[in-house]
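# Breakdown of the fold
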Amino acid sequence: MKNRARIHHLKTVQPYFDDVISGKKTFEVRRNDRDFKVGDILVLFECVDGKKTGAYTGQKITYILDNKEYCKEGYVVLGIEHELVFVDTVEHIEIELDKEMKRIGIK
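Our subject in this report is the structure included herewith. Residue indices follow the written sequence of each chain, beginning from 1 at its first position. Only residues with pLDDT of 70 or above have their local features reported here, since the model is predicted, and side-chain atom pairs are shown and tallied only from 80 upward, although totals for entire chains, interfaces and linings are computed over all residues. The side-chain values count all of the structure's non-hydrogen atoms but skip hydrogen atoms and water molecules.

## Describing the sheet that holds strand β4 (residues 51-65)
Rules: At least two DSSP bridges between two strands are needed for those strands to be called paired. Helix and strand assignments follow DSSP, with helices taken as H or I runs no shorter than four residues and strands as E runs no shorter than two, numbered in order from the N terminus. Lines fitted to C-alpha atoms define the axes, with helix axes restricted to the stretch in contact, and inter-axis angles between N-to-C directions lie between 0 and 180 degrees.
Spatial ordering of the open sheet is given by β1-β3-β4-β5-β2, a layout of five strands whose pairing is mixed. Edge positions in the open sheet fall to β1 (7-13) and β2 (27-31), since each of these has one partner strand only. Put simply, the sheet's adjacent strands are angled 45° from each other on average, direction ignored.

## Notes on the side chain of His8
Going by this rule: With a 1.4 Å probe rolled over the protein chains alone, any residue whose accessible area is under 20% of its type maximum counts as buried; one over 50% counts as exposed, and the rest are partly exposed. Polar contacts here mean pairs of N or O atoms no more than 3.5 Å apart (in protein, one a potential hydrogen donor and the other a potential acceptor; neighbouring residues in sequence count only if both atoms are side-chain atoms). The contact criterion used throughout is that any non-hydrogen atoms of two residues lie within 4.5 Å.
With respect to the helices and strands, His8 occurs in strand β1. The exposure class assigned to His8 is buried, which follows from its relative accessible area of 0%. Within the structure, His8 has its side chain in polar contact with the side chain of Asp40 (distance 2.9 Å). Leaving out residues up to four positions away in the same chain, His8 has contacts with Arg34, Phe36, Asp40, Ile41, Leu42 and Val43.

## Remarks on the environment of Gln59
On the secondary structure map, Gln59 appears in strand β4. By relative accessible area, Gln59 is classed as buried at 4%. Note: C-alpha distance between Gln59 and Ile7 (52 residues apart in sequence) is 9.7 Å. The contact partners of Gln59, leaving out residues within four places of it in the chain, are Val20, Asp40, Ile41, Leu42, Leu44, Ile80, Glu81, His82 and Glu83. One polar contact links the side chain of Gln59 to the main-chain amide nitrogen of His82, over a distance of 3.2 Å.

## A closer look at the pairing of β2
Residues of β2 alternate between two faces, with Glu28 and Arg30 buried on one and Phe27, Val29 and Arg31 left unburied on the opposite face. With five bridges connecting them, β2 and strand β5 (residues 75-82) associate as antiparallel partners. Considered in β5, the bridge of Phe27 is made with Gly79.

## Some words on the nonpolar core
Keep this limit in mind: Here, nonpolar core refers to any group of buried Ala, Val, Leu, Ile, Met, Phe, Trp, Tyr and Cys residues whose side-chain atoms link them within 4.5 Å.
Membership of the largest hydrophobic core is limited to nine residues, which are Leu10, Val20, Phe36, Leu42, Leu44, Ile61, Val76, Leu78 and Ile80. For this core, the secondary structure elements donating two or more residues are β3 (41-48) and β5. Counting residues per element, this core draws most heavily on β5, which supplies three residues. Those residues in contact with Leu10, other than ones at most four positions away along the chain, are Arg30, Arg34, Phe36, Leu42, Val43, Leu44 and Phe45.

In structure tokens form, the structure reads like this:
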């Protein structure tokens, strides 16, 4: 049985959000607290002053660098490429984000 890709909802601050949108930034440096896998989808939410603006983008993980020589302990560099993500409503995303936060013990 093939493993299903997971969807990770993550906040992204400026100017990094715009750099991902433009295609200039093709990677994410993240704490590896979600067991990221190649093929997983990142839904990156634009945040300004700690608040989500409503803008988001879908990115597919294409590569994971997890090497102690190059990455701070507990962190990974994720190679990403644009992935079309369909979302019903912002409220749906909020519900999914709340579920994920509860799952990992943030809420």
